[in-house]
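# Survey of secondary and tertiary structure
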Amino acid sequence: NAGVTQTPKFRILKIGQSMTLQCTQDMNHNYMYWYRQDPGMGLKLIYYSVGAGITDKGEVPNGYNVSRSTTEDFPLRLELAAPSQTSVYFCASSYSPGAITGELFFGEGSRLTVL
Amino acid sequence: ILNVEQSPQSLHVQEGDSTNFTCSFPSSNFYALHWYRWETAKSPEALFVMTLNGDEKKKGRISATLNTKEGYSYLYIKGSQPEDSATYLCAPFLTGGGNKLTFGTGTQLKVEL
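We now turn to the structure provided with this report. (Residues numbered from 1 in each chain as written. Chains lettered and ligands numbered in written order. Predicted model: local features only at pLDDT ≥ 70, side-chain atom pairs only at ≥ 80, totals over all residues. Heavy atoms only, no water.)

Contacts between the two partners involve 21 residues from chain A, matched on the other side by 21 residues from chain B. Interface of chain A and chain B: buried area, both sides summed, is about 1,700 Å²; carbon and sulfur atoms make up 66% of it. Counting the contacts that link chain A with chain B gives zero salt bridges. Taken together, the elements giving at least two residues each to the side of chain A that touches chain B come down to β4 (31–38) and β5 (42–51) of chain A. When residues of the side of chain A that touches chain B are assigned to their parent elements, the largest contribution, four residues, is made by β5 of chain A. Taken together, the residues of the side of chain A that touches chain B break down into 13 nonpolar, five polar and three charged. (Contact = heavy atoms within 4.5 Å. Buried area = accessible area lost by both parts, 1.4 Å probe. Salt bridge = Lys/Arg side-chain N within 4 Å of Asp/Glu carboxyl O. Helix = DSSP H or I, 4+ residues; strand = E, 2+ residues; numbered from the N terminus. Nonpolar A, V, L, I, M, F, W, Y, C, P; charged D, E, K, R; others polar.)

A separate point is the pattern of salt bridges. For the structure shown, the criterion picks out seven salt bridges over all chains. One salt bridge in this structure joins lysine 9 of chain A and glutamate 108 of chain A, with 3.4 Å as the shortest N-O distance. Here lysine 9 of chain A is found in the loop between β1 (4–7) and β2 (10–13), whereas its partner glutamate 108 of chain A is found in the loop between β10 (105–106) and β11 (110–114), with 99 residues between them in sequence. Looking at glutamate 108 of chain A, the relative accessible area reads 59%, which means it is exposed. Linked by salt bridges that have partners in common, Arg37, Glu39 and Lys42 of chain B make up one network. (Buried < 20%, exposed > 50% of the residue type's maximum accessible area, 1.4 Å probe, protein only.)

The next subject is the pairing of β1 of chain A. All names here are of chain A. Burial along β1 is one-sided: the residues Val4 and Gln6 are buried and none of Thr5 and Thr7 is. Bridge analysis of β1 against strand β3 (residues 19–25) gives four bridges, and the strand direction is antiparallel. Following the sheet pairing, threonine 5 is matched in β3 by threonine 24. (Pairing = 2+ DSSP bridges.)

All names here are of chain B. Counting 23 residues, the largest nonpolar core has Leu33, Trp35, Phe48, Leu75, Tyr88 and Leu109 as the members making the most contacts within it. At the level of elements, β2 (10–14), β3 (19–24), β4 (30–38), β5 (45–50), β7 (62–67), β8 (72–77), β9 (86–94) and β10 (107–112) are the ones that each hand at least two residues to this core. With four residues, the top contributor of residues to this core is β9. Those residues in contact with tyrosine 88, other than ones at most four positions away along the chain, are Gln6, Phe21, Trp35, Tyr36, Arg37, Leu47, Leu75, Ile77, Gly106, Thr107 and Leu109. (Core = buried A, V, L, I, M, F, W, Y, C linked by side-chain atoms within 4.5 Å.)

In this structure, the largest pocket spans a volume of roughly 860 Å³. What lines the largest pocket is a set of 35 residues, among which Gln37 of chain A together with Trp38, Glu39, Thr40 and Ala41 of chain B lie closest to the centre. Of all the secondary structure elements, the ones that give two or more residues to the lining of the largest pocket are β4, β9 (87–94) and β11 of chain A together with β2, β9 and β10 of chain B. Counted by class, the lining of the largest pocket contains twelve nonpolar, 16 polar and seven charged residues. Counted as a void, the second largest pocket has a volume near 180 Å³. (1 Å grid on protein atoms, 1.4 Å probe; cavity = no way out; pocket = protein on both sides within 12 Å on 5 of 7 lines; lining within 4 Å. Points joined across faces, edges and corners; volume = space filled by probe spheres on them.)

All names here are of chain A. In space, the four strands of this open sheet follow the order β1-β3-β8-β7, with antiparallel pairing throughout. Of all strands in the sheet, those bounded by a partner on one side alone are β1 and β7 (64–66). If you compare each strand with its neighbour and ignore which way they point, the axes differ by 20° on average. (Axes fitted to C-alpha atoms, helices over the stretch in contact; angles between N-to-C directions.)

Applying the stated criterion across every chain, the model contains two disulfides over all chains. Between the sulfur atoms of cysteine 23 of chain A and its disulfide mate cysteine 91 of chain A the distance is 1.9 Å. For the disulfide bridge between cysteine 23 of chain A and cysteine 91 of chain A, the dihedral angle about the S-S bond is near -75°, and by the sign convention the bridge is left-handed. One end of the pair, cysteine 23 of chain A, is in strand β3; the other, cysteine 91 of chain A, is in strand β9, and 68 residues separate them in sequence. The disulfide partner of cysteine 23 of chain B is cysteine 90 of chain B, and the S-S distance across this bridge is 1.9 Å. In this structure, the disulfide formed by cysteine 23 of chain B and cysteine 90 of chain B twists by about 75° around the S-S bond and is classed as right-handed. Remark: cysteine 90 of chain B occurs in strand β9 and cysteine 23 of chain B occurs in strand β3; sequence separation between them is 67 residues. Owing to a relative accessible area of 0%, cysteine 23 of chain B belongs among the buried residues under this scheme. (Disulfide = S-S within 2.5 Å.)

Written out as structure tokens, the structure is:
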């Protein structure tokens, strides 16, 4: 079982560049999420999706965009990268998180550095 | 912004000690409470998802209780071992929260020999 797969694992960007973090899951989960991990701040939700074609903002959406054209894929796009976007990004998926079976399954993370 | 508080922020215990942490969250519109274990340089892994007031879950030496009326959950670790060293995160799922989980900042546990 592949679970949640994120690519790339590491990336260095220059200020102003753009890139897309890829996330795919093979568990047929409706819910997908993008979090970022900032030191001492835990996990902050960037964007999430409750199903194909539906996306919504989380706590820290500025500077990012997402799309959900299929159940499996939930790419995160960074436009005009800034040093403040240096972070570790985690993609996750779940069934409904309000259900007993709704635990999140996380990808391995993508470490992004903006110089 | 949902207010999820975890205490203590960090904890150092000796091997064999038992310990517990607290997660506080708004009690209104409660749907579920998640606990995750996050080891350094790895991804968070689910420990428990709890939905019922008074619920108690157990996995090995780790257990959790839930009080939805007052908005808190306790995580207990019995006989801590060095491999229990990790950050423990809680995340409530509230129906008024836009169908998303909001994580607390976690309790960082270090178990020393």
